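Fold and contact review
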Amino acid sequence: MSKEQLRRQNRIVIALVVVLIIVGLSIHQYFNYALKPVDADSKQRVTVVVPKGATDHSVAVLMKKHHLVRSQFVFDYYLQTHKTNGIKAGKFRLKRSSSIPELVMTLQENQAAKKQ
C-alpha cells in the first residue's frame, strides 16, 4: 500500500469517526431535550386512564396522545431502562409540567392511581 493510499484511508476513517461522534452527541442532546417537561410553566393537569394490562408501548402512546411527553419513543425507552415497579393501572391526574422521570415515578406509585 502506498503512502498516498494510506493517507486517504486514514482521512476516511477520521471522517467516519467524526461523523459518528456528531451523530452520538446529537442523539444524546435530543434525549435530554425529550426528557424535559412539555410545558414547564403549565399548571394544567391532565387525567389519564391507564387500562389494566397496558404495555409500556401503549402507555407511551397514551402519554403522547395527551401531550404529556415530547416523544413517545423516548418515554418508552425510559420505561424500559428505568422501570422498577411497573406501571399501575388506574386514573392519574398528571401535570404537563412533569418531566418523563417524574411521570414514570408517578405512574409506578400505588397511591397515585385511583381505581376506575
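Structure: see above.
Attention here is on the structure that accompanies the text. (Residues numbered from 1 in each chain as written. Predicted model: local features only at pLDDT ≥ 70, side-chain atom pairs only at ≥ 80, totals over all residues. Heavy atoms only, no water.)

What to know about the side chain of aspartate 76
- Looking at the element boundaries, aspartate 76 is found in helix H3 (residues 72–82).
- On the basis of relative accessibility, which here comes to 17%, the residue aspartate 76 falls in the buried class.
- Leaving out residues up to four positions away in the same chain, aspartate 76 has contacts with Asp56, His57 and Ala60. (Helix = DSSP H or I, 4+ residues; strand = E, 2+ residues; numbered from the N terminus. Buried < 20%, exposed > 50% of the residue type's maximum accessible area, 1.4 Å probe, protein only. Contact = heavy atoms within 4.5 Å.)

Quick notes on the pattern of salt bridges
- Inspection of the entire model under this criterion finds two salt bridges.
- Where glutamate 4 meets arginine 7, a salt bridge forms, and the shortest distance between an N and an O atom there is 3.8 Å. Placement of both glutamate 4 and arginine 7 in helix H1 (residues 3–35) is noted, with a separation of three residues, approximately one turn of the helix.
- Assessed through its relative accessible area of 47%, glutamate 4 is described here as partly exposed.
- Looking at arginine 7, the relative accessible area reads 47%, which means it is partly exposed. (Salt bridge = Lys/Arg side-chain N within 4 Å of Asp/Glu carboxyl O.)

Section: a positive patch on the surface
- A contiguous patch of positive charge on the surface is contributed by Lys43, Arg45, Lys91, Arg93 and Lys95.
- Tracing the backbone shows arginine 45 in strand S1 (residues 45–50).
- Residue classification places arginine 45 among the partly exposed residues on the basis of a relative accessible area of 39%. (Patch = residues over 30% accessible without salt bridge, like charges linked within 9 Å, V, L, I, M, F, W, Y side chains within 5 Å. Areas by Shrake-Rupley, 256 points an atom, 1.4 Å probe, with all protein chains shown as cover. Lys, Arg positive; Asp, Glu negative; His and termini not counted. Charge placed at Lys NZ, Arg CZ, Asp CG, Glu CD.)

Focus: the side chain of serine 98
- Checked against the element boundaries, serine 98 lands in the loop between strand S2 (90–95) and helix H4 (100–108).
- Residues in contact with serine 98, not counting those within four places in the same chain, are Pro37, Leu68 and Leu103.

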